[in-house]
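Residue-level structural notes
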Amino acid sequence: MKKMLVVLLFSAFLLNGCGSGESKANTDEAPKVLDVKLTGPEKIKPGDSAAYEAAVSYGDEAVTDADEVEFEVWKEGEKDASQMFKAKQEKGVYRLETTFKEDGVYTVQSHVTAKKQHSMPTLKVQVGDADAASNQSEEKQSHHH
């Protein structure tokens, strides 16, 4: 009986030692993070075309197989009227070309889903005389209150 107990304890000790080595190797590796760098013009004239790019990487590698990449664009104070656009991809860079028709401050936001993570960086864009457009939107808002 004592021999059986010693054998069982010794076996458990060996198995425990083998298993802890594997988990230690897994915890030494730093987790990778989905990184999205959103770039494009921050000032533009109404009617001009603008290109916005989301450079997507996971660790040190470019992501060329993202699950989903879309760009959302809305005018300040009009988030409910936002528009979604599918991105075009080339070598880990996802692109949107768009035109802003009227003066104002807009937000361009990329929605990137890849490697079981999601990232949504934003960029503010001043179109034309944004100060005048901003004052008009404040007047519109004050009429609603």
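Okay, so let's go over this structure. Values in this document were obtained by computation on a predicted structure and should not be read as measured data.

1. Re the nonpolar core
- Counting 23 residues, the largest nonpolar core has Tyr52, Phe100 and Val125 as its most contacted members.
- Only β1 (34-39), β3 (49-58), β5 (68-75), β8 (93-99), β9 (104-114) and β11 (122-127) provide two or more residues apiece to this core.
- Here Phe100 is in contact with Ile44, Lys45, Pro46, Gly47, Asp48, Ala50, Tyr52, Val73, Tyr106, Val108, Val125 and Val127, once residues within four sequence places are set aside.

2. Let's talk about the side chain of Glu72
- For Glu72, the position within the fold is in strand β5.
- Only 2.8 Å separates the side chain of Glu72 from the side chain of His111, close enough to count as a polar contact.
- Ignoring anything within four residues of it in the chain, the contact list for Glu72 reads Lys79, Ser82, Gln83, Met84, Thr107, Val108, Gln109 and His111.

3. Describing the pattern of salt bridges
- In the structure shown here, the tally under the stated rule is eight salt bridges.
- Within the structure, one salt-bridge network assembled from shared partners comprises Glu53, Arg95 and Glu97.

4. With respect to the layout of surface pockets
- Considered as a void within the structure, the largest pocket measures approximately 320 Å³ in volume.
- For the largest pocket, the lining is made up of 13 residues, of which Val73, Lys75, Gln83, Phe100 and Tyr106 are closest to its centre.
- Of all the secondary structure elements, the ones that give two or more residues to the lining of the largest pocket are β5, β6 (83-86) and β8.
- Element by element, the count of residues in the lining of the largest pocket is highest for β5, at three residues.

5. Thoughts on the environment of Ala87
- Inspection of the secondary structure assignment puts Ala87 in the loop between β6 and β7 (88-90).
- Owing to a relative accessible area of 21%, Ala87 belongs among the partly exposed residues under this scheme.
- Remark: the alpha-carbon pair of Ala87 and Val69, spanning 18 residues in sequence, is separated by 5.8 Å.
- Apart from residues no more than four positions distant in its own chain, Ala87 is found in contact with Val69, Glu70, Phe71, Tyr94 and Arg95.

Cut-offs and rules
- Residues numbered from 1 in each chain as written.
- Predicted model: local features only at pLDDT ≥ 70, side-chain atom pairs only at ≥ 80, totals over all residues.
- Heavy atoms only, no water.
- Core = buried A, V, L, I, M, F, W, Y, C linked by side-chain atoms within 4.5 Å.
- Buried < 20%, exposed > 50% of the residue type's maximum accessible area, 1.4 Å probe, protein only.
- Helix = DSSP H or I, 4+ residues; strand = E, 2+ residues; numbered from the N terminus.
- Contact = heavy atoms within 4.5 Å.
- Polar contact = N/O pair within 3.5 Å; in protein donor to acceptor, adjacent residues only side chain to side chain.
- Salt bridge = Lys/Arg side-chain N within 4 Å of Asp/Glu carboxyl O.
- 1 Å grid on protein atoms, 1.4 Å probe; cavity = no way out; pocket = protein on both sides within 12 Å on 5 of 7 lines; lining within 4 Å.
- Points joined across faces, edges and corners; volume = space filled by probe spheres on them.

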